[in-house]
Number of protein chains: 2
Amino acid sequence: MGLTKTEIFTEEQNRLAGLLKAMAHPARIAILQQIIAAKSCICGDLVEELGLAQATISQHLKELKNAEIIQGTIEGVRVCYCINPETWKLLEKQFGAFMGAYKAETNCC
Amino acid sequence: MGLTKTEIFTEEQNRLAGLLKAMAHPARIAILQQIIAAKSCICGDLVEELGLAQATISQHLKELKNAEIIQGTIEGVRVCYCINPETWKLLEKQFGAFMGAYKAETNCC
DNA sequence: AAATACAATCGTAATATTGCGATATATATG
DNA sequence: CATATATATCGCAATATTACGATTGTATTT
């Protein structure tokens, strides 16, 4: 095996899991923090900031882009990566609802 | 390779990534939802609810336990799994801070 | 003590992820 | 057009994840 059985879960469960998975790597957390912190946000800068090879950064950016967490627009030679506000909002909502469903009082053990 | 370079990231980035990773699977999302929804929360029930083998569920539970997202207490023959309130609180805080750092107005592209 | 019930672990196969060097591609600039 | 700069993609090796049957462990019943 080694293949997630997506068909037995709901669309929402799969989508939320996918978004979390895209963020579930320290390099991608760091990349997102850099993008948020910087006004301009370029791949090259990230390579200098983080201690990873250019190919590796590019791959992480691709994954974030596939999950639609970020979006990139070509700006001359460079590419400007930014947060995708739609997805960000969706994630905040979905994850918030998920986390909020638990009330500490409910604990039985 | 194939080994995440945890040493080049901060403790917080690694911890948050680890917690998200533990949740970044539809089966584990579903398991957590079940645990939250149910008053009692037992592995056997999960096997019936989700369409996965007992060994698979047990493995997912182990991962959630390793990440300290859930905790299990032995209750006779069964094991009662519950949310770990400490970790849940930590995750809400850390992820909240991370997500909140982004303001939609900051977008440049 | 034997049988039963529930959950954990082992072993294994299939697939995915991580990281990087090398190479390709695309856009400026001289 | 040649060259420099920035990013993407390819190909590969190492490791991790997902899933499950089979087995083992552990507590409760009979």
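In the annotation of an unreviewed UniProt entry, chain A is listed under the name Transcriptional regulator, ArsR family and assigned to Pedobacter rhizosphaerae.

A look at the overall build of chain A
Scanning chain A from terminus to terminus reveals five helices and two strands. Start at the N end of chain A and walk to the C end: the helices and strands fall as α-α-α-α-β-β-α. Against the globule reference of 13 Å for 109 residues, chain A gives a C-alpha radius of gyration of 17 Å, more extended than a compact globule. Its C-alpha atoms put chain A at 55 × 35 × 25 Å along the principal axes. Each of the 109 residues in chain A was classed as buried or not, and the buried ones make up 42%. Taking the contacts inside chain A whose residues are at least 6 apart along the sequence as the reference set, 52% of them involve residues at least 24 apart.

Brief notes about the interface of chain A and chain B
A common way to state how big an interface is: give the accessible area lost once the parts meet. Taken together, the 43 residues of chain A in the interface contact 44 residues of chain B. Together chain A and chain B conceal approximately 4000 Å² of surface at their shared face, both sides included; 78% is due to carbon and sulfur atoms. In this structure, the connection of chain A to chain B is made through zero salt bridges. Secondary structure elements with two or more residues in the side of chain A that touches chain B: α1 (11–23), α2 (26–37), β1 (70–75), β2 (78–83) and α5 (85–100) of chain A. Among the elements that take part in the side of chain A that touches chain B, α5(A) stands out by supplying eight residues, more than any other. Split into classes, the residues belonging to the side of chain A that touches chain B amount to 29 nonpolar, 10 polar and four charged.

What to know about the relation of the copies chain A and chain B
In this structure, two copies of a chain are linked by a rotation about an axis accompanied by a shift along it. Least-squares fitting of chain A to chain B yields an RMSD of 0.0 Å, with the superposition described by an axial translation of 0.0 Å and a rotation of 180°. Both chain copies can therefore be described as sitting about a two-fold axis. When the interface residues of chain A are mapped onto chain B, 100% of them again lie at the interface, so the same face is used by both copies.

A word on the packing of aromatic side chains
What characterises a pair of aromatic rings is the spacing of the ring centres plus the angle enclosed by the ring planes. All names here are of chain A. Taken as a whole and assessed by the stated rule, the structure comprises seven aromatic pairs over all chains. Geometrically, the ring pair formed by phenylalanine 95 and phenylalanine 98 is tilted, given 6.2 Å between the ring centres and 45° between the ring planes. Remark: phenylalanine 98 and phenylalanine 95 occur in helix α5; sequence separation between them is three residues, near one turn of the helix. Residue phenylalanine 95 is classed as buried on the basis of its relative accessible area of 4%.

Here's the deal with the packing of α5(A) against helix α5 (residues 85–100) of chain B
Taken N-terminus to C-terminus, the directions of α5(A) and α5(B) make an angle of 165°; their axes are 12 Å apart at the nearest point. Classified by the angle between their axes, α5(A) and α5(B) sit roughly antiparallel to one another. The handedness of the crossing between α5(A) and α5(B) comes out as left-handed. For the pair formed by α5(A) and α5(B), the contact residues are A:Trp88, A:Leu91, A:Glu92, A:Phe95, A:Phe98, A:Met99 and A:Gly100 on the first element and B:Trp88, B:Leu91, B:Glu92, B:Phe95, B:Phe98, B:Met99 and B:Gly100 on the second. Taken together, the residues of the contact of α5(A) with α5(B) break down into 10 nonpolar, two polar and two charged.

Some words on the side chain of A:Thr87
Looking at the secondary structure, you find A:Thr87 in helix α5. Setting aside residues no more than four positions away along its own chain, A:Thr87 makes contact with A:Arg15, A:Leu19, A:Ala67, A:Glu68 and A:Ile69.

Structural notes on helix α1 (residues 11–23) of chain B
The terminal C-alpha atoms of α1(B) lie 19 Å apart, and with 13 residues this matches the ideal 18 Å at 1.5 Å per residue to within 8%. Close packing links the buried residues of α1(B) with α1, α2 and α5 of chain A together with α2 (26–37), α4 (54–66) and α5 of chain B.

Observations regarding the pattern of salt bridges
All names here are of chain A. All chains considered together, the criterion is met by four salt bridges over all chains. The salt bridge partner of glutamate 68 is arginine 15, with a shortest N-O separation of 3.9 Å. Taken together, the positions of glutamate 68 in the loop between α4 (54–66) and β1 and arginine 15 in helix α1 put the pair 53 residues apart, joining distant regions of the chain. We classify glutamate 68 as partly exposed; its relative accessible area is 43%. Notably, a salt bridge pairs arginine 28 with glutamate 63, separated by 3.4 Å at the nearest N-O pair. Remark: glutamate 63 occurs in helix α4 and arginine 28 occurs in helix α2; sequence separation between them is 35 residues.

Basis of the calculations
- Residues numbered from 1 in each chain as written.
- Chains lettered and ligands numbered in written order.
- Predicted model: local features only at pLDDT ≥ 70, side-chain atom pairs only at ≥ 80, totals over all residues.
- Heavy atoms only, no water.
- Helix = DSSP H or I, 4+ residues; strand = E, 2+ residues; numbered from the N terminus.
- Rg over C-alpha atoms; globule rule 2.2 N^0.38 Å.
- Buried < 20%, exposed > 50% of the residue type's maximum accessible area, 1.4 Å probe, protein only.
- Contact = heavy atoms within 4.5 Å.
- Buried area = accessible area lost by both parts, 1.4 Å probe.
- Salt bridge = Lys/Arg side-chain N within 4 Å of Asp/Glu carboxyl O.
- Nonpolar A, V, L, I, M, F, W, Y, C, P; charged D, E, K, R; others polar.
- Least-squares fit on C-alpha atoms with pLDDT ≥ 70 in both.
- Phe/Tyr/Trp six-rings, centres within 6.5 Å; stacked < 30°, edge-to-face > 60°.
- Axes fitted to C-alpha atoms, helices over the stretch in contact; angles between N-to-C directions.
- Parallel < 35°, antiparallel > 145°, perpendicular 65-115°, else oblique.
- Left-handed = near helix turned anticlockwise from the far one by under 90°.
- Expected span 1.5 Å × (residues − 1).

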